[in-house]
Amino acid sequence: VKEEKTNIKDRIKKMFKSKEEEPEEEKKPSKPNYNKEEIDFGRLHKGLAWSPDNKKLVYSKYHFGSHGSMIWDICLFDTDTEKSNFITKDMRASYPIFSPDGKKIVFVSHSNSNANLFQMDLNGENIEKITDFKGDISVLDPSFSPDGSKIIFSMSGADGNLDIYYLDIGSNKIERLTNNPSVDYLPIWHPDGKNIIFTSHRGTTPNMFTLDIDNNDIK
């Protein structure tokens, strides 16, 4: 009987236990506040780039083409007008980049399983084909050299193996920089303009490598 009374007293004490005696709940960290604003929506391609003056953003967006099929085309967002407009039409276009002087946009366009590099003005006019690859060709990830004289990109043929190439804009000469059974892609220029950094699956695991363009030394 004494044990039962003791248990009842303990239960009553717990029921009326003061809040001050209760352990304080751990405060969850507050969520960070981001100053963000949606400028476009839909299915967007991974490749996008800011203009050198940081006032324009160029990217590829999936939409209905003129004949009702879904295709990629290039959009330009202007921070001054806060508007986004398509600047290519029915070109199956992706991977847009600005020239270092901000006057041109270079991009990849696909036609019948064949990809080539094109350039145009910022308003989408004066579209010019700057490579003339034939056959089952894929072109990805173009990148301008700091002085604007060359473009590096990854390219594959029918075998699907990506390697790194560069285009000399003045002479229109194209040179292969890597030749490896594993894929090499995502090339970018070092600020000195003499080296590039790229991703490669050589060794089975993707890692980053540097390549000296003058002597073809890869590290």
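See the structure shown above.
Residues numbered from 1 in each chain as written. Predicted model: local features only at pLDDT ≥ 70, side-chain atom pairs only at ≥ 80, totals over all residues. Heavy atoms only, no water.

Undergrad: Got a minute to help me understand the side chain of His 45 in this structure?
TA: Summarising the element assignment, His 45 is placed in strand β1 (residues 44-50). His 45 gets classed as buried once you look at its relative accessible area, which sits at 18%. Within the structure, the side chain of His 45 is placed 3.2 Å from the backbone nitrogen of Gly 47, a separation counted as a polar contact. Excluding anything up to four places from it in sequence, His 45 contacts Ser 60, Trp 72, Ser 94 and Tyr 95. (Helix = DSSP H or I, 4+ residues; strand = E, 2+ residues; numbered from the N terminus. Buried < 20%, exposed > 50% of the residue type's maximum accessible area, 1.4 Å probe, protein only. Polar contact = N/O pair within 3.5 Å; in protein donor to acceptor, adjacent residues only side chain to side chain. Contact = heavy atoms within 4.5 Å.)

Undergrad: What is the right way to look at a negative patch on the surface in this model?
TA: Judged by side-chain charge, Glu 37, Asp 53, Asp 80 and Glu 82 come together as a negatively charged surface patch. According to the relative accessible area criterion, Asp 53 is partly exposed, its value standing at 47%. (Patch = residues over 30% accessible without salt bridge, like charges linked within 9 Å, V, L, I, M, F, W, Y side chains within 5 Å. Areas by Shrake-Rupley, 256 points an atom, 1.4 Å probe, with all protein chains shown as cover. Salt bridge = Lys/Arg side-chain N within 4 Å of Asp/Glu carboxyl O. Lys, Arg positive; Asp, Glu negative; His and termini not counted. Charge placed at Lys NZ, Arg CZ, Asp CG, Glu CD.)

Undergrad: Mind showing me how you'd approach the layout of surface pockets here?
TA: Empty space among the atoms becomes apparent when a probe as large as a water molecule is rolled across them. Considering only enclosed or pocket space, the largest pocket measures out at about 330 Å³ in volume. Taken together, 19 residues form the lining of the largest pocket, with Leu 48, Ala 49, Pro 96, Ile 97 and Pro 142 sitting closest to its centre. Listing elements by their share of the lining of the largest pocket, those giving two or more residues are β1, β5 (93-98), β9 (138-144) and β13 (184-189). In terms of residue count, β1 provides more of the lining of the largest pocket than any other element does, 5 residues in total. Class assignment for the residues of the lining of the largest pocket results in 14 nonpolar, 3 polar and 2 charged. (1 Å grid on protein atoms, 1.4 Å probe; cavity = no way out; pocket = protein on both sides within 12 Å on 5 of 7 lines; lining within 4 Å. Points joined across faces, edges and corners; volume = space filled by probe spheres on them. Nonpolar A, V, L, I, M, F, W, Y, C, P; charged D, E, K, R; others polar.)

Undergrad: Would you explain the sheet that holds strand β16 (residues 217-218) in this entry?
TA: Strands belonging to one sheet form pairs held by backbone hydrogen bonds; the direction of such a pair is parallel or antiparallel. Reading across the sheet, the 4 strands line up as β13-β14-β15-β16 and stay open at both edges, with antiparallel pairing between neighbours. The open sheet terminates on both sides in strands that have one partner only, identified here as β13 and β16. Two elements, strand β14 (residues 195-200) and strand β15 (residues 207-212), share 6 bridges in a ladder whose sense is antiparallel. The partner of Thr 199 across the bridge, within β15, is Met 208. (Pairing = 2+ DSSP bridges.)

Undergrad: Where do I start with the pairing of β1 in this structure?
TA: Note on strand geometry: in a regular strand, side chains alternate between the two faces of the sheet. Two strands pair when backbone bridges link them, and β1 and strand β2 (residues 56-64) are joined in this way by 4 bridges, in the antiparallel orientation. Bridged to Leu 44 within β2 is Lys 61.

Undergrad: Would you mind showing me how to read the packing of aromatic side chains here?
TA: Between two aromatic rings, the relevant description is the distance of the centres plus the angle of the planes. Scanning the entire structure with this criterion turns up 5 aromatic pairs. Between Tyr 62 and Trp 72, the aromatic rings sit 4.8 Å apart at their centres with planes inclined by 45°, giving tilted as the arrangement. With a gap of 10 residues between them, Tyr 62 in strand β2 and Trp 72 in strand β3 (residues 70-78) connect regions that are remote in the sequence. Residue classification places Tyr 62 among the partly exposed positions, given a relative accessible area of 25%. Judged by centre distance (6.2 Å) and plane angle (50°), the ring pair of Phe 133 and Phe 153 falls under tilted. With Phe 133 in the loop between β8 (128-129) and β9 and Phe 153 in strand β10 (residues 150-156), this pair connects stretches of sequence that are 20 residues apart. Neither residue differs from the other here; Phe 133 and Phe 153 are each classed as buried. In this structure an aromatic cluster arises from ring pairing among Phe 133, Phe 153 and Tyr 165. A cation over a ring is seen here: Arg 43 above Tyr 62, with NZ or CZ 4.5 Å from the ring centre. Geometry around Phe 209 places Arg 202 over its ring, the cationic atom sitting 5.4 Å from the centre. (Phe/Tyr/Trp six-rings, centres within 6.5 Å; stacked < 30°, edge-to-face > 60°. Lys NZ or Arg CZ within 6 Å of the ring centre and 35° of its normal.)

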